[in-house]
Amino acid sequence: MREKLGIIQVRGIGDAIIALPIAEYYNNKGLDVYFALDDRFVESFQYAAPYCKFVAVPFDSFNPDWGINNEYWYELPLKLLKDAGCNHVISFPYHESHLLASTKDERIHGALKHRFDGEFEKRITDLQLFQHLKFDEYKYVTAKVPFENKWKLTINRNYEREQNLFNKLVPPGKRYVVTHLEGSDVKYNPDNMNFDRDTFNVINITPDQTTNIFDWLTIIERADTVVCLDSVFCNLIEQLNIPNKKHFIRRSSIQMTPVLKNQWDYVGVEIQYGWYK
């Protein structure tokens, strides 16, 4: 019987994309990998990443008033993975590490210290590596997976769904720009970007068109250029090594901004269309 490994990654689907190559790495080593994920995205991720079994963590169990103490972040997915028979579980307590390092409040330490008891978490915490690593580097060091695997993401694509979305949104015969300007805590108006509308159509990625992030891949690949907020789509484009022209709008501190190697141009929100001629 194959050994079962659990991965807890419920802090957002951008983080889930970053962690998928970790799951595939251990699957290739002969383990059955169970991946705890926000239940709203399980169906699309299960099709895209068949090398692991996704365990649905009910999003309606999340209580924003509880902050980092919320059981949704760790205790509930840990229980679900243990119930699934996982012998080992990897979590990524990066936020908890920084919080405990910044306070001596015994109540906070008492509430969170058990999140570092696992074999993977204890090792990286004892080494105090959270102080020296970006959050995506931290995931790979915690999991003992080479960081270069981040750029070996493999996705099982549904080309029919992708083409249907392309046919619906992309007018024929004209170059186009793809923008993704909406994240969990920020939203920019694409109309404020000064693209030459005589030259380019602007296709803005929005959740009302599809709830499946992978449906956008054909549109992204065929775009003249992409303007992307630091978000799940930035991670997807980066980790799939999509070679089109790319522009990155940062929104987080250096610790919470992913490592990018695929020739992104860092820009502000106001984009001048002359760059894309």
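Everything here concerns the structure above.
Cut-offs used in this document
Residues numbered from 1 in each chain as written. Predicted model: local features only at pLDDT ≥ 70, side-chain atom pairs only at ≥ 80, totals over all residues. Heavy atoms only, no water. Helix = DSSP H or I, 4+ residues; strand = E, 2+ residues; numbered from the N terminus. Rg over C-alpha atoms; globule rule 2.2 N^0.38 Å. Buried < 20%, exposed > 50% of the residue type's maximum accessible area, 1.4 Å probe, protein only. Contact = heavy atoms within 4.5 Å. Areas by Shrake-Rupley, 256 points an atom, 1.4 Å probe, with all protein chains shown as cover. Lys, Arg positive; Asp, Glu negative; His and termini not counted. Charge placed at Lys NZ, Arg CZ, Asp CG, Glu CD. Axes fitted to C-alpha atoms, helices over the stretch in contact; angles between N-to-C directions. Left-handed = near helix turned anticlockwise from the far one by under 90°. Nonpolar A, V, L, I, M, F, W, Y, C, P; charged D, E, K, R; others polar. Pairing = 2+ DSSP bridges. Phe/Tyr/Trp six-rings, centres within 6.5 Å; stacked < 30°, edge-to-face > 60°. Lys NZ or Arg CZ within 6 Å of the ring centre and 35° of its normal. Parallel < 35°, antiparallel > 145°, perpendicular 65-115°, else oblique.

## Re the overall build of the protein chain
Then step 1. For the protein chain, the helix and strand inventory stands at ten helices and nine strands.
Then step 2. Its C-alpha radius of gyration of 20 Å places the protein chain within 12% of the 19 Å reference for a compact globule of 277 residues.
Then step 3. For the C-alpha atoms alone, the extent of the protein chain along its principal axes is close to 60 × 45 × 35 Å.
Then step 4. Going through the 277 residues of the protein chain one by one, you find that 50% of them count as buried.
Then step 5. Across the protein chain, every contact between residues at least 6 apart in sequence was considered, and the portion connecting residues at least 24 apart equals 63%.
Then step 6. Entry remark: accessible area of the protein chain is about 13500 Å², with carbon and sulfur atoms responsible for 49%.
Then step 7. If you average the places of the 33 positive and of the 37 negative side-chain charges in the protein chain, the two averages end up 3 Å apart.

## Focus: the side chain of serine 44
Then step 1. Along the chain, serine 44 falls in helix H2 (residues 42-48).
Then step 2. Setting aside its immediate chain neighbours within four residues, serine 44 contacts Asn212 and Phe214.

## A closer look at the packing of helix H6 (residues 119-126) against helix H7 (residues 135-143)
Pairs of packed helices are described in terms of their axes, by the angle between the two and the distance that separates them.
Then step 1. As a packed pair, H6 and H7 sit with axes 8 Å apart at the nearest point and diverge in direction by 120°. H7 is crossed by H6, and the crossing has right-handed handedness. Judged by residue contacts, Phe120, Arg123 and Ile124 of H6 engage Tyr138, Val141, Thr142 and Ala143 from H7.
Then step 2. The class makeup of the residues in the contact of H6 with H7 is five nonpolar, one polar and one charged.

## Side note on the pairing of strand E5 (residues 175-180)
Then step 1. Among the six residues that make up E5, five are buried, leaving the element largely enclosed by the rest of the structure.
Then step 2. Pairing of E5 with strand E7 (residues 225-229), which is carried by four bridges, proceeds in the parallel orientation. Within the sheet, the bridge partner assigned to valine 178 lies in E7 and is valine 226.

## Quick word on the packing of aromatic side chains
Then step 1. One pass over the full model with this rule turns up 15 aromatic pairs.
Then step 2. Pairing phenylalanine 62 with tyrosine 72 gives two aromatic rings, centres 5.5 Å apart and planes at 70°, and the pair type is edge-to-face. Taken together, the positions of phenylalanine 62 in the loop between strand E3 (53-57) and helix H3 (75-83) and tyrosine 72 in the loop between E3 and H3 put the pair ten residues apart, joining distant regions of the chain.
Then step 3. Looking at phenylalanine 62, the relative accessible area reads 25%, which means it is partly exposed.
Then step 4. Ring geometry for phenylalanine 248 against tyrosine 266: centres 5.2 Å apart, planes inclined by 70°, an arrangement best described as edge-to-face. Taken together, the residues phenylalanine 248 in strand E8 (residues 245-249) and tyrosine 266 in strand E9 (residues 264-266) connect sequence positions 18 residues apart.
Then step 5. In this structure phenylalanine 248 comes out as buried when scored by relative accessible area, which is 0%.
Then step 6. Counting every residue linked through ring pairs, the aromatic cluster contains Phe35, Phe45, Phe54 and Phe214.
Then step 7. One cation-aromatic arrangement involves arginine 11 over tryptophan 73; the distance from NZ or CZ to the ring centre is 4.8 Å.
Then step 8. Over the aromatic face of tryptophan 264 sits the side chain of lysine 246, whose NZ or CZ is 5.9 Å from the ring centroid.

## Some remarks on the sheet that holds E8
Then step 1. Taken together, the five strands give an open sheet; going across it, the order is E6-E5-E7-E8-E9, and neighbouring strands pair in parallel fashion. Among the strands making up the open sheet, the edge pair consists of strand E6 (200-204) and E9. Direction aside, the axes of adjacent strands within the sheet are offset by 25° on average.
Then step 2. When E8 meets E9, the two strands line up parallel, connected through three bridges. Paired with phenylalanine 248 across the bridge in E9 is tyrosine 266.
Then step 3. In the packing of helix H10 (residues 232-239) onto the sheet, the strands contacted are E5, E7, E8 and E9, and the crossing angle to E7 comes to about 135°.

## A closer look at the packing of helix H1 (residues 13-28) against H7
Then step 1. Between H1 and H7, whose axes approach to 10 Å, the crossing angle comes to 20°. Taken together, the axis directions place H1 and H7 in an arrangement best described as roughly parallel. Seen along the crossing, H1 lies across H7 with a hand that is right-handed. Only Phe135, Asp136, Lys139, Tyr140 and Ala143 of H7 make contact with H1, whose side of the interface consists of Asp15, Ile18, Pro21, Ile22 and Tyr26.

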